[in-house]
Amino acid sequence: MVKAKTNDPFRLDDKVALITGAGRGLGRAMAIALAHAGADSVLVARRKDDLDETAKAVKKAGRKAIVAPGDVTDASVAPQAVAAAIREFGRIDILINNAGMYHMQAIEETDADNWRAVLEVNLMGPFRFAKACGEHFKAQKSGKVINIASVLGTFGVAEATSYCTAKAGVMGFTRSLAVEWAPHGVQVNCIAPGLFNTDMSAGVFENQEFYDNVVAGIPRGKHGEPEEIAGTVVYLCSQASNHVVGQVIHVDGGATIA
Ligand SMILES: NC(=O)c1ccc[n+]([C@@H]2O[C@H](COP(=O)([O-])OP(=O)(O)OC[C@H]3O[C@@H](n4cnc5c(N)ncnc54)[C@H](OP(=O)(O)O)[C@@H]3O)[C@@H](O)[C@H]2O)c1
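Described below are features of the structure shown in this document. Not measured: the values here are computed from a predicted model.

1. Quick word on the side chain of Ser-41
With respect to the secondary-structure elements, Ser-41 resides in strand 2 (residues 40–44). Owing to a relative accessible area of 1%, Ser-41 belongs among the buried residues under this scheme. When neighbours within four sequence positions are excluded, Ser-41 is seen to be in contact with Ala-17, Ile-19, Ala-31, Val-58, Lys-64, Ala-65, Ile-66 and Phe-89.

Below is the structure:
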């Protein structure tokens, strides 16, 4: 196990993080980045084989990971994952609400079940996991919650109303929970990624014209690779960001300011 050699405020030595959607994409990159910074993790997603791969990568980076397979829409999964963290590591310090699903459908074709399914994963999931972590964070008078929204919580996109609504909701949830928990020493913040190269965005990468159009709106002139979310995540999980409360940080190559 790699031990801290300095009082570097960005280090996360011996902290324990619970990461949802950790089986691949941004969630896996976050777990690896946190491990390099010194944190152990509890990994949640539905597919266990993907979680095992992430756990292997965390171990390679010198830290421990346990897997807690489950669907974030199942009310029993968040309390079970938190219980697993306490059982295995004796504590929980960080919650990253990253599991998400994208959905495109014209509003006329979207029925209530479609709409609910998108909100269940993207918005109810963070609510359930925050509730499950809350008593531990408050009791230890410290904790970090990072909710993953999207630039589509800021932009409007035709035929993505349920996803845009859910991600805008994640931003509002972040601000309100931040106000509620800041007096208890718990910081809640949000990252809004732009286009990243993951399975979720495969549809963009497979359509050259659409991809070129999206990239034309990114001042940096390129999409993000999953590792490029790492620094922001580590920062928001660390002491270095203790006075950052309820913020939405867009990690998007400048897409939202152009
Ligand atoms: N990629 C982008 O361009 C982009 C842009 C903006 C925002 N985001 C946001 O960033 C987050 C991560 O996205 P990503 O691109 O890494 O997506 P991804 O590659 O599709 O990975 C999503 C992860 O979430 C898990 N997941 C999905 N539904 C779940 C559920 N119901 N219960 C538990 N786990 C679930 C998936 O595993 P299982 O399928 O095995 O459950 C997987 O591990 C999402 O919130 C997404 O909305 C991504």
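Moving on from the coordinates now.
2. Re unusual backbone geometry
Of note in this structure, Lys-141 is not a glycine but carries a positive phi near 55°. Mapping Lys-141 onto the fold places it in the loop between helix 4 (112–140) and strand 5 (143–148). Lys-141 gets classed as exposed once you look at its relative accessible area, which sits at 62%. Here the phi dihedral of Glu-159 falls at roughly 65°; this positive angle occurs in a residue that is not glycine. Along the chain, the position of Glu-159 falls in the loop between strand 5 and helix 5 (161–181). Exposure remark for Glu-159: the relative accessible area of 44% places this residue in the partly exposed category.

3. Let's talk about the pattern of salt bridges
A side chain of one charge can pair with a side chain of the opposite charge if their charged atoms are brought near each other. Taken as a whole, this structure holds 12 salt bridges when the rule is applied. Here Asp-14 makes a salt bridge to Arg-63, at a shortest N to O gap of 2.9 Å. Separated by 49 residues along the polypeptide, Asp-14 in the segment before strand 1 (16–20) and Arg-63 in the loop between helix 2 (48–60) and strand 3 (65–67) bring together distant segments of the chain. Relative accessible area serves as the criterion here: at 33%, Asp-14 is assigned to the partly exposed category.

4. What about the site of the ligand?
The environment of the ligand is made up of 28 residues, and the closest members are Leu-26, Arg-46, Asn-98, Tyr-163 and Thr-198. In this structure, Gly-23 approaches the ligand through a main-chain N or O atom, which is 3.1 Å from an oxygen atom. Between an oxygen atom of the ligand and a side-chain N or O atom of Lys-167, the distance comes to 2.9 Å. In the complex, 96% of the free accessible area of the ligand, which totals 880 Å², lies under the protein chains. Counting only elements with at least two residues in the shell around the ligand, the list comes to helix 1 (25–36) and helix 5. Within the shell around the ligand, the residues separate by chemical class into 12 nonpolar, 10 polar and 6 charged.

5. As for helix 8 (residues 230–237)
Within helix 8, 6 of the 8 residues are buried, which leaves it mostly tucked inside the rest of the structure. Where helix 8 is concerned, the buried positions are Ala-230, Thr-232, Val-233, Val-234, Leu-236 and Cys-237. Looking at the packing, one finds that the buried side of helix 8 touches helix 1, strand 4 (94–97), strand 5, strand 6 (186–193) and strand 7 (248–251).

6. Considerations on a nonpolar patch on the surface
A cluster of nonpolar side chains, contributed by Tyr-102, Met-104 and Met-200, occupies part of the molecular surface with about 280 Å² of accessible area. By secondary structure assignment, the location of Met-104 is in the loop between strand 4 and helix 4.

7. Considerations on the packing of aromatic side chains
Using the criterion set out here, one finds 3 aromatic pairs in the structure. Note on Tyr-102 and Tyr-163: the rings are 4.7 Å apart at their centroids and 80° apart in plane angle, and the pair reads as edge-to-face. Of this pair, Tyr-102 sits in the loop between strand 4 and helix 4 while Tyr-163 sits in helix 5, placing them 61 residues apart in sequence. Looking at Tyr-102, the relative accessible area reads 32%, which means it is partly exposed. Their ring planes at 45° and their centres at 5.2 Å tell us that Phe-205 and Tyr-211 sit as a pair that is tilted. Exposure remark for Phe-205: the relative accessible area of 24% places this residue in the partly exposed category.

What counts, and at which threshold
Residues numbered from 1 in each chain as written. Predicted model: local features only at pLDDT ≥ 70, side-chain atom pairs only at ≥ 80, totals over all residues. Heavy atoms only, no water. Helix = DSSP H or I, 4+ residues; strand = E, 2+ residues; numbered from the N terminus. Buried < 20%, exposed > 50% of the residue type's maximum accessible area, 1.4 Å probe, protein only. Contact = heavy atoms within 4.5 Å. Salt bridge = Lys/Arg side-chain N within 4 Å of Asp/Glu carboxyl O. Near = heavy atom within 4 Å. Polar contact = N/O pair within 3.5 Å; in protein donor to acceptor, adjacent residues only side chain to side chain. Areas by Shrake-Rupley, 256 points an atom, 1.4 Å probe, with all protein chains shown as cover. Nonpolar A, V, L, I, M, F, W, Y, C, P; charged D, E, K, R; others polar. Patch = residues over 30% accessible without salt bridge, like charges linked within 9 Å, V, L, I, M, F, W, Y side chains within 5 Å. Phe/Tyr/Trp six-rings, centres within 6.5 Å; stacked < 30°, edge-to-face > 60°.

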